[in-house]
Amino acid sequence: MIIQSRRVLYNNQLQPAQVEISEDGVIQSINLSYDPRLWSETAEEVIDAGNSVVMPGIVDAHVHVNEPGRTDWEGYETATKAAAAGGITTIVDMPLNCSPVTTTVDALKIKIPHAQANNLVNIAFWGGIVPGNHTEIKPMIAEGVRGFKCFLIHSGIDEFPHCTESDLHLAYQQLQGTDSVFLFHAEVEVDEELADSSSLADNAYDKFMLSRPEKMEIEAVKMVIKLCLQYKVRSHIVHLSAATALPLIREAQKAGAPLTVETCHHYLTLNSENVPDGATEYKCCPPIRTKQNQEELWAAVRDLSISMVVSDHSPCTAGLKCPDTGDFMKAWGGIAGLQLGLSLFWTSCKERGLSISDLSDYMSANTAKHAGLQMRVGNTTPGLRGDLVIWNPEKQFTVTEDMIFHKNKLTPYLGMTLYGQVEKTIVGGEVVFDGQTGFTGAKPGQIFLN
C-alpha cells in the first residue's frame, strides 16, 4: 500500500510525502514528494489523500472496555469500532471494570481471547494493583501487561479495592528494576470537613463537585511524588483534574522524579460553569472543575508538565446514570467519548494556536512511549507499524447519537460542533474504517504483548 498526501506528518512537519507500507503491515519508506504517477504501477493499492492530513494513528492509553463481565457497559466489538471511527489505531485497556478485574495472570488470560476476537485496532493491557496481589506483578509483566494501575480511593466497584500506602511500598518493590510504569488514580479521602452543600439538591452539579475537592487530588499527588522519588520507578498520574496540584508536579519533575501526567478531553473541553443540573452524563471522578482551572490545565499542557491527553472512556448503561432523577451523588462516574478525542482536542488546539504536530505528540507519540509501545506505533517512521489516520482538520461536523459507535451513546458531547473529520483509519496497512462507506470488515489489529 502507498498513501500519499500534500500534508503528511513526518519529522514533526506537515509536508508532501508518500508512505509505503509493506505486505506485513510495516512502514517501509517515506518519499518526500507528492506525485500521483510514482509507484502507481507497482503498488498493490494507492490512496491519494490530496490535501487531507496523514499522520500516525491515535494511541489512546486510557480506555475502559469492560469485557468480559460488563459487556452491557462496553465491549471490544463496539469499543474498537468507536476507536477506528475516531482515528484511533491502538487502545490500552484498563484493568477494570471488566470481571474478573485484571489483577492476576489468570484474569489476563481470560481477557485476551475476547480482545483477539474483535481486533479492528491494536489492543494492549494495563494490569491492576490491589491489596495483596504484589506477587502477581512480575508474572503479569512477563505475560505482557504494559504497566499497572491502582486506586487510592474507592474505585467504584468492590472487586477492585483501593491501596493503602503500605500496599504501594510492596508494589514499588516489585516494580524496581523493571521497565514498567505505575499508574495512579490520584484521589484520597481527606480528614478535613468538606464545604457545606446541604442546601443543594442531589441533582445539583456543584454538590457533587464540592464532594470531591481539589485537596483530595493534592494529597494523593504528594504521596505519589514521595514514593516515586524514593523508589525511582516510573510513575504516572492518570486523569489530572485539579490544577492546584501542578506546582507539586512541576517541582517533582524538576527534581528528577520519573513522573508523567495525563489529562482528559473532558477537562480540557468542559467546565463546571456550563454543566446543567441533572446532566449526569457530565459526571466523572475526579470532577470537571471551573473554567479557571481548565485554563491552568491548558498552561500545563503547553509547558509539558502534562504531556498526554487521553479519553478515559468509561461508559455504563444508561440506567446507571440515574436519568430519571439526575442524581449526581448516585450516578456512575464516567464519561463516554472514545470516538471523539481527535476532534475534541483539535478543536481546542486550533483555537489556542497548537499545531497538528503538537496534537500528534500528546495523543500518539507520548502515549505510545508511556505504554512502552514506541518501537511499534506512534510515529510515521520506517520500521513501525503502518497505523495511520487520514483526516480533514478544516472539516466541521456536529456530534449526533446515530454517528456514535460505542455501545452506550449517552455523552456530554452530543450537539457539539467540532473540527476534524476522520476520512480513513489504517491499521497495519489495511483500511479498517472509511468515512464514506463505513467499516471494511478487516481486523488487522495486533494484541500487544511482549
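Everything here concerns the structure above.
So, a few notes on the structure that sits alongside this text. None of these values were measured; they are calculated from a predicted model.

About the criteria used
- Residues numbered from 1 in each chain as written.
- Predicted model: local features only at pLDDT ≥ 70, side-chain atom pairs only at ≥ 80, totals over all residues.
- Heavy atoms only, no water.
- Helix = DSSP H or I, 4+ residues; strand = E, 2+ residues; numbered from the N terminus.
- Expected span 1.5 Å × (residues − 1).
- Buried < 20%, exposed > 50% of the residue type's maximum accessible area, 1.4 Å probe, protein only.
- Arc of directions from axis to C-beta.
- Contact = heavy atoms within 4.5 Å.
- Bend = angle between axes of the 7 residues up to and from the residue.
- Polar contact = N/O pair within 3.5 Å; in protein donor to acceptor, adjacent residues only side chain to side chain.
- Phe/Tyr/Trp six-rings, centres within 6.5 Å; stacked < 30°, edge-to-face > 60°.
- Patch = residues over 30% accessible without salt bridge, like charges linked within 9 Å, V, L, I, M, F, W, Y side chains within 5 Å.
- Areas by Shrake-Rupley, 256 points an atom, 1.4 Å probe, with all protein chains shown as cover.
- Salt bridge = Lys/Arg side-chain N within 4 Å of Asp/Glu carboxyl O.
- Lys, Arg positive; Asp, Glu negative; His and termini not counted.
- Charge placed at Lys NZ, Arg CZ, Asp CG, Glu CD.
- Pairing = 2+ DSSP bridges.
- Axes fitted to C-alpha atoms, helices over the stretch in contact; angles between N-to-C directions.

## Considerations on helix 2 (residues 105-116)
Helical geometry: 3.6 residues make up each α-helical turn, so side chains three or four residues apart lie on a common side. With 12 residues, helix 2 ought to run about 16 Å at 1.5 Å a step, and its terminal C-alpha atoms sit 17 Å apart, in line with that. Every buried residue of helix 2 is accounted for by Val 105, Ala 107, Leu 108, Lys 111, Ile 112 and Ala 115. In a view along the axis of helix 2, the buried residues occupy a sector of 140°, so they form one face of it. Buried residues along helix 2 sit in contact with helix 1 (76-85), strand 7 (88-93), strand 8 (122-125) and helix 3 (137-143).

## Structural notes on helix 11 (residues 356-370)
For helix 11, built from 15 residues, the straight-helix expectation of 21 Å at 1.5 Å per residue is met to within 8% by its first-to-last C-alpha distance of 20 Å. Helix geometry: helix 11 is bent most strongly at Tyr 362, by close to 35°. By the criterion of burial, helix 11 is predominantly enclosed, with 11 of the 15 residues buried. Turning to helix 11, its buried residues number three or more, namely Ile 356, Ser 357, Leu 359, Ser 360, Tyr 362, Met 363, Ser 364, Ala 365, Thr 367, Ala 368 and His 370. Its side-chain oxygen placed 3.3 Å from the backbone nitrogen of Ser 357, Ser 355 serves as the N-cap of helix 11. Taken from the residues just after helix 11, Gly 372 is the one with a positive phi, measuring 70°.

## Some points on the environment of Leu 410
Residue placement: Leu 410 occurs in the loop between strand 15 (388-398) and strand 16 (417-427). C-alpha of Leu 410 to C-alpha of Gly 75: the two residues are 335 residues apart in sequence and 16 Å apart in space. In this view, Leu 410 contacts Glu 281, Lys 321 and Ala 336; residues no more than four positions away in its chain are not counted.

## Quick look at the environment of Asn 97
Structurally, the position occupied by Asn 97 is in the loop between strand 7 and helix 2. Sequence separation of Asn 97 and Gln 13 is 84 residues, and the distance between their C-alpha atoms is 39 Å. Ignoring anything within four residues of it in the chain, the contact list for Asn 97 reads His 64, Asn 66, Arg 70, Trp 73, Ile 157, Ser 314 and Trp 332.

## A word on the packing of aromatic side chains
Here a ring pair, both rings aromatic, is described through the centre-centre distance and the interplanar angle of the planes. Inspection of every chain in the model, using the stated rule, returns 15 aromatic pairs. On the basis of an interplanar angle of 75° and a centroid distance of 5.8 Å, the ring pair of Phe 151 and Phe 160 is categorised as edge-to-face. Residue class for Phe 151 comes out buried when judged on its relative accessible area of 5%. Residues Phe 405 and Phe 433 carry aromatic rings whose centres are separated by 6.4 Å and whose planes lie at 75° to one another, so their mutual orientation is edge-to-face. Of this pair, Phe 405 sits in the loop between strand 15 and strand 16 while Phe 433 sits in strand 17 (residues 430-434), and the two are 28 residues apart along the sequence.

## Focus on a negative patch on the surface
The grouping of Glu 23, Asp 24, Glu 44 and Glu 45 at the surface amounts to a negative patch. With respect to the helices, strands and loops of the structure, Asp 24 is situated in the loop between strand 2 (13-21) and strand 3 (27-31).

## A short note on unusual backbone geometry
The step from Leu 96 to Asn 97 runs through a cis peptide bond, and the omega angle for that step is 25°. Here the residue pair Ser 99 and Pro 100 is connected by a cis peptide bond, since its omega of 10° sits within 30 degrees of zero. If you trace the backbone, Pro 100 turns up in the loop between strand 7 and helix 2. Despite not being glycine, Asn 12 shows a phi value in the positive range, around 65°. For Asn 12, the position within the fold is in the loop between strand 1 (2-10) and strand 2. For Asn 12, a relative accessible area of 54% puts it in the exposed group. Within the chain, Lys 232 stands out as a residue other than glycine whose phi angle is a positive 55°. Along the chain, Lys 232 falls in the loop between helix 6 (214-231) and strand 12 (235-237). In this structure Lys 232 comes out as exposed when scored by relative accessible area, which is 52%.

## Concerning the sheet that holds strand 6 (residues 58-63)
On the basis of which strands lie adjacent, the open sheet formed by 3 strands has the order 6-7-8 and parallel pairing. Edge positions in the open sheet fall to strand 6 and strand 8, since each of these has one partner strand only. On average, each strand axis in the sheet is inclined to that of its neighbour by 20°, with strand direction left out of account. One ladder, built from 4 bridges, connects strand 6 with strand 7; its direction is parallel. Along strand 7, the bridge assignment pairs Asp 60 with Ile 91.

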